[in-house]
Amino acid sequence: MNMDRWLPRTIESVIPNLRPGDEYFVIDGGSTDTSTAIIRSYEKHLAGWVSEPDKGYADALAKGFARATGDILCWINAGDLLLPGALDAARKAMTNTAADMIFGDDFYIDEDGRVIFFSRGYVRNLQHAMLYGGWTPLQDACFWRRELYERIGGMNRGLKYAADFELFLRMTLHGTCRYVPVTFSAFRRHLGQKSIAGVEAYQSERAEVRRRELAHVSGSSFWKSFRLLWHPLAIRWRVHVMQRRWRRPDLVGAQVSGLSCGQYWPPVD
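None of the values given here were measured: they were computed from a predicted structure.

A. Molecular detail of the packing of aromatic side chains. Considering all chains together, one arrives at 16 aromatic pairs under this definition. Grouping aromatic residues by their ring pairs yields a cluster made of Phe-65, Trp-75, Trp-144, Tyr-149 and Phe-168. Lying across the ring of Trp-246, Arg-120 places its NZ or CZ 4.7 Å from the centre.

B. Representation of the pairing of strand β5 (residues 101-109) in the model. Across the nine residues of β5, nine count as buried, placing the element largely inside the fold. The sheet contact formed by β5 and strand β8 (residues 177-188) spans eight bridges and is parallel. When the bridges of β8 are listed, Asp-106 appears paired with Ser-185. Of the pairings in the sheet, the one linking β5 to strand β6 (residues 115-119) comprises four bridges and is antiparallel in character. Its bridge partner lying in β6, Tyr-108 is registered against Phe-117.

C. Expanded view of helix α9 (residues 199-214). The end-to-end C-alpha separation of α9 is 22 Å, in line with the 22 Å expected for 16 residues at 1.5 Å each. Among the residues of α9, Tyr-202, Glu-205, Val-209, Arg-210, Glu-213 and Leu-214 are the ones counted as buried. For α9, the secondary structure elements touched by its buried residues are α5 (126-131), α7 (163-174) and α10 (221-246).

D. Up close: the side chain of Ser-35. With respect to the element layout, Ser-35 can be found in helix α2 (residues 35-41). One polar contact links Ser-35 to Asp-33, side chain to side chain, over a distance of 2.8 Å.

E. The nonpolar core, seen in detail. Ranked by internal contacts, the top residues of the largest apolar core, which has 40 residues, are Ile-102, Phe-107, Ile-109 and Phe-184. For this core, the secondary structure elements donating two or more residues are α1 (7-14), α2, β4 (81-82), α4 (86-97), β5, β6, β8 and α10. Among the elements that make up this core, the one with the highest residue count is α4 (five residues). When neighbours within four sequence positions are excluded, Phe-107 is seen to be in contact with Leu-83, Val-115, Phe-117, Phe-118, Thr-183, Ser-185, Ala-186, Phe-187, Leu-251, Leu-259 and Tyr-264. In this structure, Leu-73, Leu-126, Ala-129 and Cys-142 belong to the second largest nonpolar core, which totals 38 residues.

Rules used throughout
Residues numbered from 1 in each chain as written. Predicted model: local features only at pLDDT ≥ 70, side-chain atom pairs only at ≥ 80, totals over all residues. Heavy atoms only, no water. Phe/Tyr/Trp six-rings, centres within 6.5 Å; stacked < 30°, edge-to-face > 60°. Lys NZ or Arg CZ within 6 Å of the ring centre and 35° of its normal. Buried < 20%, exposed > 50% of the residue type's maximum accessible area, 1.4 Å probe, protein only. Helix = DSSP H or I, 4+ residues; strand = E, 2+ residues; numbered from the N terminus. Pairing = 2+ DSSP bridges. Expected span 1.5 Å × (residues − 1). Contact = heavy atoms within 4.5 Å. Polar contact = N/O pair within 3.5 Å; in protein donor to acceptor, adjacent residues only side chain to side chain. Core = buried A, V, L, I, M, F, W, Y, C linked by side-chain atoms within 4.5 Å.

Here it is as structure tokens:
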């Protein structure tokens, strides 16, 4: 909502990715800036759009997914970008892995579209990393099957901050998830993001989601306790040590407009 500065760039990153049969819906929460006029200017490329007050971003996402009829679902937030070839690569990966959900890599970019760093989304076991370690996959680099989304009941509209974490966690608990070493997208850092402005509320909501799901996980209390100790340490190691190994300093400062979807780890010669 009220993201008109970034909206055209996001829409223009999606449109070239679309193929016959693809559906692109834009859901706006009743913005009071120029967002509605911007969306209307791209109307011929959209399967549909709506601009009306909602109960939060989870409610807005649920509206979009309820309108979609495709077999593979994803979303991209205003400000973020799909890289050229991302949807074709996602389709191929979903077929090759036969997974219910795939998750990959992205670039973090600044407000001017320059690469801050390459972010690798790899974890060995996404379910354990999320449930016991609080890890979150890179939302803009996640794709999943409609059947799984509907089987788990879709978005939890009651959550205000951690609805993406909660959705992906339930997917890992009820479906097959696979990491693919493909950089699908770019995540733009700016001060209007919930992950920045509402970090404490996000962490609190995420912790409550994990407690709820842990209460339903079978197994001995010993192994639960061990994993609750081990996985946060593993995540810290991953963030503070391995991410340094994975970074692509040669790409820092590059304009993301010059980059396409592809494999950036291991580094491409």
